[in-house]
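# Structural description and commentary
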Amino acid sequence: MTRATAAGAPVDPGHAGGARPALSTIGERDLAGLLRELGQPSWRARQLREATWHPYVGGFEEIRQLPGGLRVELDHRLRFSKAAVTSERVADAGQTLKLLCALDGPQTVETVAMESPARGASGRRATVCVSTQVGCAVGCPFCATGRMGLRRSCTPAEVVDQVRLAGQALFRHALGPVTHVVYMGMGEPLAAYETTLASLRVLVAAGGISPRRITVSTSGVVPGIRRLSTEGLPVTLAVSLHAASDELRNRLVPLNRAHPLDGLVAAAGAYARATGRRLSLEWCLIGGVNDGLDQAAGLVAIARRLGAHVNVIPMNRIVGSPWGPPAAAVGRAFMRHLTGAGVTVTVRDTRGGEAEAACGQLRAALEPRRQLRPDGTLTPQRPVRRGASIRG
Ligand code: SAH
Ligand code: SF4
């Protein structure tokens with residue numbers, strides 16, 4: 001699906017029939033060569049790269065700085081976007097935008113953009129949750145995407161363009177700009193390693209998003225974790241643990257049979273040491289399945305060993321599964337066990353959003369975070385300041 005440039009970064013050659021390469025991921029040399037061929041000065045490359053990231057530019061024809069003839073010519077030679085929004089749903093009183101993105105070809109993926117309050121000067125953050133695959137081969141039984149099986153991986157451009165399109169959608173709603181990206185949508189990012197790596201590099205270099213504001217979530221592809229730790233990209237790694245014993249994890253995350261807990265915890269620890277980034281452990285809390293105090297104790301041991309933060313996500317119900325979140329008291333007891341042992345925990349609150357939870361994990365990834373107090377109660381959800389600091 002991808003080929004490597006001399007610099008080793010995969011580029012997107014486009015799909016069937018030698019289709020036009022994507023503007024967002026075309027290599028520097030290829031873009032420079034194309035512009036030379038079109039009789040353009042070399043600084044056009046930079047102009048084009050910048051225009052790609054303007055939240056109000058949806059195609060070459062809208063890049064007003066370019067001569068009209070060049071806009072038409074570029075449109076023949078390049079694809080401005082390898083994805084297109086086909087539907088948009090607004091949730092959480094206008095704070096969450098759930099997009100269906102048509103890829104290059106017949107497939108679609110979900111992309112979510114969400115604005116939430118944050119500490120710091122601007123007091124807000126806008127997070128985009130991207131999909132890296134159409135479906136997923138890992139097959140976790142509580143996950144709607146896992147039930148689809150794997151159809152194909154996205155190309156790097158399709159991932160980058162989800163971020164751009166989400167930025168445009170936020171802008172239309174007077175939200176944004178994008179400050180954070182999480183690889184927590186459909187698919188297993190480290191099973192689509194080249195796509196994940198190439199898209200990360202573009203988001204950092206051209207999109208201007210700091211690696212520290214990017215999170216890659218993995219179900220535990222150990223070779224991928226080891227490789228990512230050598231790339232010089234200190235993104236946050238979130239490990240979807242969900243179980244603290246191999247016996248249970250083999251059932252909840254079937255990949256565990258190939259990469260059991262010991263090796264996973266070792267690889268995650270090595271990642272944290274190599275990148276200096278604090279790890280996150282994700283725990284989809286399923287009533288009667290992984291909500292017992294034995295599992296909580298195992299999670300405490302792993303979190304302490306890794307110095308990791310824990311995100312508890314009460315399970316979003318999915319069609320065809322009898323599982324769901326535990327009773328509130330059970331969930332509270334589980335979390336009190338963690339906080340009591342000194343582990344830092346956040347809960348992703350999914351209340352109020354169930355109707356929008358067609359793909360459980362996308363919602364789960366982006367629900368506004370509420371802190372768990374030591375007494376087991378949740379901090380209130382802070383209101384979002386809307387319309388503030390919109391960059392043009
Ligand atoms: N494949 C990667 C990234 C996508 S899933 C991974 O598994 O980490 C993002 C997060 O949502 C994961 O922690 C995943 O386990 C969780 N998730 C999936 N389905 C869920 C559901 N129905 N309810 C709550 N969390 C879910
Ligand atoms: Fe794949 Fe992640 Fe869903 Fe498991 S939870 S099936 S790894 S997308």
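Now for a description of the structure that goes with this document. Bear in mind that the values here come from a model prediction, so they are computed numbers and not experimental data.

## Notes on unusual backbone geometry
Each neighbour pair has its own omega, and for Gly 176 with Pro 177 the value is 0 degrees, a cis peptide bond. Relative to the helices and strands, Pro 177 resides in the loop between helix H5 (156-172) and strand S9 (180-183). Positive phi, close to 50 degrees, is recorded for Asp 92, a residue that is not glycine. Along the chain, the position of Asp 92 falls in the loop between strand S3 (84-91) and strand S4 (96-102). With a phi close to 65 degrees, His 242 is a non-glycine residue in the positive phi region. Topologically, His 242 is positioned in the loop between strand S11 (236-240) and helix H8 (246-252).

## Things to note about the packing of aromatic side chains
One pass over the full model with this rule turns up three aromatic pairs. Between Tyr 56 and Phe 171 the ring centres are 5.8 Å apart and the planes differ by 50 degrees, which places this aromatic pair in the tilted class. Linking Tyr 56 in the loop between helix H2 (44-52) and helix H3 (68-77) with Phe 171 in helix H5, this pair joins segments that are 115 residues apart in sequence. For Tyr 56, a relative accessible area of 43% corresponds to the partly exposed category. A ring pair is formed by Phe 60 and Phe 80, whose centres lie 5.2 Å apart and whose planes are at 80 degrees; its orientation type is edge-to-face. Highlighted residues: Phe 60 in the loop between H2 and H3 and Phe 80 in the loop between H3 and S3, separated in sequence by 20 residues. As far as burial versus exposure is concerned, Phe 60 and Phe 80 are alike and both buried.

## Digging into the pattern of salt bridges
Applying the stated criterion across every chain, the model contains 15 salt bridges. For the salt bridge of Arg 77 with Glu 73, the shortest nitrogen-to-oxygen distance reads 3.6 Å. Of this pair, Arg 77 and Glu 73 both sit in helix H3, four residues apart, which is roughly one turn of that helix. Residue classification places Arg 77 among the partly exposed positions, given a relative accessible area of 28%. Measuring nitrogen to oxygen at the nearest pair gives 2.7 Å for the salt bridge that ties Glu 115 to Arg 124.

Each value, and the rule that gives it
Sequence order as written defines residue numbering, which begins from 1 separately in each chain. Throughout, the order in which chains and ligands are written sets their labels, letters from A for the former and numbers from 1 for the latter. Predicted model: local features are reported for residues with pLDDT of at least 70 only, side-chain atom pairs are reported and counted for 80 or more only, and whole-chain, interface and lining totals are derived from all residues. As a rule here, side-chain values cover all heavy atoms of the structure and leave hydrogens and water aside. We count a stretch as a helix when DSSP gives it H or I for four or more residues in a row; a strand needs E for two or more, and each element gets its number in order from the N terminus. Pairs were defined over the aromatic rings of Phe, Tyr and Trp, the Trp ring being its six-membered one, requiring ring centres within 6.5 Å. Orientation was assigned from the angle between planes: stacked under 30 degrees, edge-to-face over 60, tilted for the rest. Type-normalised accessible area, obtained with a 1.4 Å probe on protein chains alone, sets the label of each residue: buried when under 20%, exposed when over 50%, and partly exposed for intermediate values. Definition used for salt bridges: Asp or Glu carboxyl oxygen within 4 Å of a side-chain nitrogen of Lys or Arg.

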